[in-house]
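Each chain, letter by letter, is given below.
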Amino acid sequence: MDVNIWLKAMFRRELDLRHPSLAKISEKSIIIYDNDNIPIAHAIRTHRWKGFEINSFVIDPTHRGKKISHKLLEKCGTGRLFAYTRDVRLQSVLEKAGFERSATPGFLCSLNVLISRLAMVSWMILSLDFKRIMHQLKHIRNYKLYVRE
């Protein structure tokens, strides 16, 4: 299976993620494949000022509950990492990996994140993806920040 097709399908299914038209594999992508070379997990590690944000963290639903999120998180590397999530399962994985809840990743880093989020929301508006916009607005207060120094 083509990894870009798989990723677009995952983005369509998960309303917390980016718009499916933005699904693409790049040098920032971290991918885990099964034994048949089929993609089963994906994350993007984006440079954000003095650290990296882990975003678009997705595990194929047929492979959830198999500790793949732990493996994917390990592949994200060391150093200062942070992630926003409202998924309690991912929150648990992050805590087990040494991440701590935080109010902010820092001023400049927050500014960088804000600019990127505004660009994504603008794209959702331009692509008329009101279902995704409404979903994210409904749940915006449920997102929690986890940071590992």
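Above: the structure in question.
Definitions and limits used
- Residues numbered from 1 in each chain as written.
- Predicted model: local features only at pLDDT ≥ 70, side-chain atom pairs only at ≥ 80, totals over all residues.
- Heavy atoms only, no water.
- Core = buried A, V, L, I, M, F, W, Y, C linked by side-chain atoms within 4.5 Å.
- Buried < 20%, exposed > 50% of the residue type's maximum accessible area, 1.4 Å probe, protein only.
- Helix = DSSP H or I, 4+ residues; strand = E, 2+ residues; numbered from the N terminus.
- Contact = heavy atoms within 4.5 Å.
- Phe/Tyr/Trp six-rings, centres within 6.5 Å; stacked < 30°, edge-to-face > 60°.
- Lys NZ or Arg CZ within 6 Å of the ring centre and 35° of its normal.

Q: Tell me about the nonpolar core, residues and numbers included.
A: Of all hydrophobic cores here, the largest spans 19 residues; its most connected members are Ile54, Phe57, Leu72, Leu73, Leu94 and Phe99. Residue assignment for this core shows that the elements contributing at least two residues are β1 (29–33), β2 (39–47), β3 (52–59), α2 (68–75), β4 (81–85) and α3 (88–96). Sequence-distant contacts of Leu73, that is, excluding residues within four places in its chain, are made with Ile54, Phe57, Val93, Leu94, Ala97 and Phe99. Formed by 7 residues, the second largest nonpolar core is a distinct cluster that contains Leu7, Met10, Phe11 and Val58.

Q: Tell me about the packing of aromatic side chains, and name the residues and values.
A: Between two aromatic rings, the relevant description is the distance of the centres plus the angle of the planes. Under the counting rule described, the total for this entry stands at 1 aromatic pair. Taken together, a centroid distance of 6.1 Å and an interplanar angle of 90° make the contact between Phe82 and Tyr84 edge-to-face. Exposure remark for Phe82: the relative accessible area of 0% places this residue in the buried category. By relative accessible area, which is 29% here, Tyr84 ends up partly exposed. Directly above the aromatic system of Phe52 lies the positively charged group of Arg45, at a separation of 3.7 Å from the ring centroid. The aromatic ring of Tyr146 is capped on one face by Arg101, whose charged end is 5.9 Å from the ring centroid.

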